[in-house]
Amino acid sequence: MRRPRPGAGSRVMRCGVVSFPGSLDDADTVHALTDVLGFEGVPLWHKDRDLHGVDWILLPGGFSYGDYLRSGALARFAPVMDTVIEFARSGGLVMGLCNGFQVLCEAGLLPGALVRNRSMMFVCDAVHLRVERNDTPFTGACEPGERLVLPIKHGEGCYVADDATLRRIEENGQVVVRYVDANGETTDAANPNGSLNNIAGVVNDAGNVFGMMPHAEHACEGLSGLRDGAKFFRSVDSWLKNGGRA
Amino acid sequence: MQAKVYVTPKAGVLDPAGKATERALHSLGFVGVHDVRLGRYITMEIDGDPADVTARVDDMCRQLLANGVIEDYRFELAESSEQ
């Protein structure tokens, strides 16, 4: 894991938020980080090759490049992604939400892929999630097995992977959040998009790259009626301030 | 040359669009139809000799046109019709 720079403990955590053409949650993410949570969201442009010294990176939701070809497929080749991939490979923390999750899968930074919802319907709803691990940089502020409620809004959020990959990520504990019902059970009815094993979010093998379909950035203040999303950002802040510990 | 690229869902990978299309065919009365799979057909004009073009199109498929996690691809080359 990349160590925060000296003095990181005493200053405001800076998160680079990438805007691709067609991103639509980038401004909301910067707002949540900066205005609501008191961190600093730093807008990064898709043509940037410089990360402007940010501590970690977030790829936001939206429809980058119109979702042409496949969701996230074209964004993966934006100039900024070379730098993001290098940052991730050197241990930097990277989170992708919704379209950002799709981009991370297309870039090969996360296992699996996201395809059309099994229902063929775009879903816009609040869903229950169960936190499977709280020893990641992204979930340290959660209790083990904690249930959260977050919004989703996507047409292509069905997580798929081949049998060997699915087995590997389950055995490695790379599934971080799952869709559950109000009782915390992974039922079919609680699965909004047909994802295998009710998977809502995964980390890479090294644990420094995380993607999920639900929108943490839309659940940080009273406006949306949901606040659990803030836990993901506070987790990253604590991780960085503690020098790479949950 | 002209390249015709066919990108299809891998066997075993869920294809919700194919399933929905299959159900629509059934509701239209087309019986005995199953395993409908939806893919993508891409054409392009590309300069170069056949060996070179084959290598380049294969590279394009692996890097961008198909996602190896969920899709297979194959392609055909033909002389461009306008030549």
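In what follows, the structure referred to is the one given above.
This text gives an overview of the structure that appears in the document.

About the criteria used
Residues numbered from 1 in each chain as written. Chains lettered and ligands numbered in written order. Predicted model: local features only at pLDDT ≥ 70, side-chain atom pairs only at ≥ 80, totals over all residues. Helix = DSSP H or I, 4+ residues; strand = E, 2+ residues; numbered from the N terminus. Rg over C-alpha atoms; globule rule 2.2 N^0.38 Å. Buried ≥ 20, exposed ≤ 12 C-beta atoms within 10 Å, placed from the backbone. Contact = placed C-beta atoms within 7 Å. Pairing = 2+ DSSP bridges. Axes fitted to C-alpha atoms, helices over the stretch in contact; angles between N-to-C directions. Core = buried A, V, L, I, M, F, W, Y, C linked by C-beta atoms within 7 Å. Nonpolar A, V, L, I, M, F, W, Y, C, P; charged D, E, K, R; others polar.

1. So, the overall build of chain B
Then, number 1: In terms of regular secondary structure, chain B is built from two helices and three strands.
Then, number 2: Traced from its N-terminal end to its C-terminal end, chain B shows the element sequence β-α-β-α-β.
Then, number 3: Taken over the C-alpha trace, chain B has a radius of gyration of 16 Å; the compact-globule value for 83 residues is 12 Å, which it surpasses by more than 25%.
Then, number 4: When burial is assessed residue by residue, chain B has 16% of its 83 residues classed as buried.
Then, number 5: For chain B, the proportion of contacts with a sequence separation of at least 24, taken over those separated by at least 6, is 66%.

2. Focus on the sheet that holds strand β11 (residues 209-212) of chain A
Residues and elements named next belong to chain A.
Then, number 1: Spatially, nine strands are ordered β2-β1-β3-β4-β11-β10-β9-β6-β7 in an open sheet, and the strand pairing comes out mixed. Two strands lie at the open edges of the sheet, namely β2 (40-45) and β7 (147-154), each paired on one side alone. Taking the axes of each pair of neighbouring strands and ignoring which way they run, one obtains an average angle of 25° across the sheet.
Then, number 2: With four bridges connecting them, strand β3 (residues 56-59) and strand β4 (residues 93-97) associate as parallel partners. Residue pairing across strands places Leu59 opposite Gly96, the latter belonging to β4.

3. As for the environment of A:Gly72
Residues and elements named next belong to chain A.
Then, number 1: By secondary structure assignment, the location of Gly72 is in the loop between β3 and α2 (79-89).
Then, number 2: A count of 29 C-beta atoms within 10 Å places Gly72 in the buried class.
Then, number 3: Separated by 30 residues in the primary sequence, Gly72 and Gln102 have C-alpha atoms spaced 5.1 Å apart.
Then, number 4: The residues contacting Gly72, other than those within four sequence positions of it, are Ser64, Asn99, Gln102, Val103, Cys105 and Glu106.

4. A word on the nonpolar core
Then, number 1: Counting 78 residues, the largest nonpolar core has A:Cys15, A:Val94, A:Phe101, A:Leu104, A:Leu129, A:Val209 and A:Val236 as the members making the most contacts within it.
Then, number 2: Residues contacting A:Val236, with those up to four places away along its chain left out, are A:Trp56, A:Leu93, A:Pro137 and A:Phe138.

5. Quick notes on the sheet that holds strand β1 (residues 2-9) of chain B
All names here are of chain B.
Then, number 1: The three strands are arranged β2-β1-β3 in an open sheet whose pairing can be described as antiparallel. The open sheet is flanked by β2 (40-45) and β3 (71-78), the only strands paired with a single partner. For this sheet, the mean angle separating the axes of adjacent strands, direction not counted, is 20°.
Then, number 2: The sheet contact formed by β1 and β3 spans eight bridges and is antiparallel. Paired with Gln2 across the strands is Ala78, a residue of β3.
Then, number 3: Helix α2 (residues 50-65) contacts β1, β2 and β3 of the sheet and is inclined by roughly 155° relative to β3.

6. Observations concerning the interface of chain A and chain B
Then, number 1: Every contact between the two is made by 14 residues of chain A and, on the other side, nine residues of chain B.
Then, number 2: Those elements that provide at least two residues to the side of chain A that touches chain B are β5 (113-115) and β8 (158-160) of chain A.
Then, number 3: When its residues are assigned to classes, the side of chain A that touches chain B shows seven nonpolar, three polar and four charged.

7. A look at the pairing of strand β9 (residues 175-180) of chain A
All names here are of chain A.
Then, number 1: Counting buried residues in β9 gives six out of six residues, a clear majority hidden from the surface.
Then, number 2: When strand β6 (residues 123-131) meets β9, the two strands line up antiparallel, connected through four bridges. Among the inter-strand pairings, Arg130 is bridged to a residue of β9, identified as Arg178.

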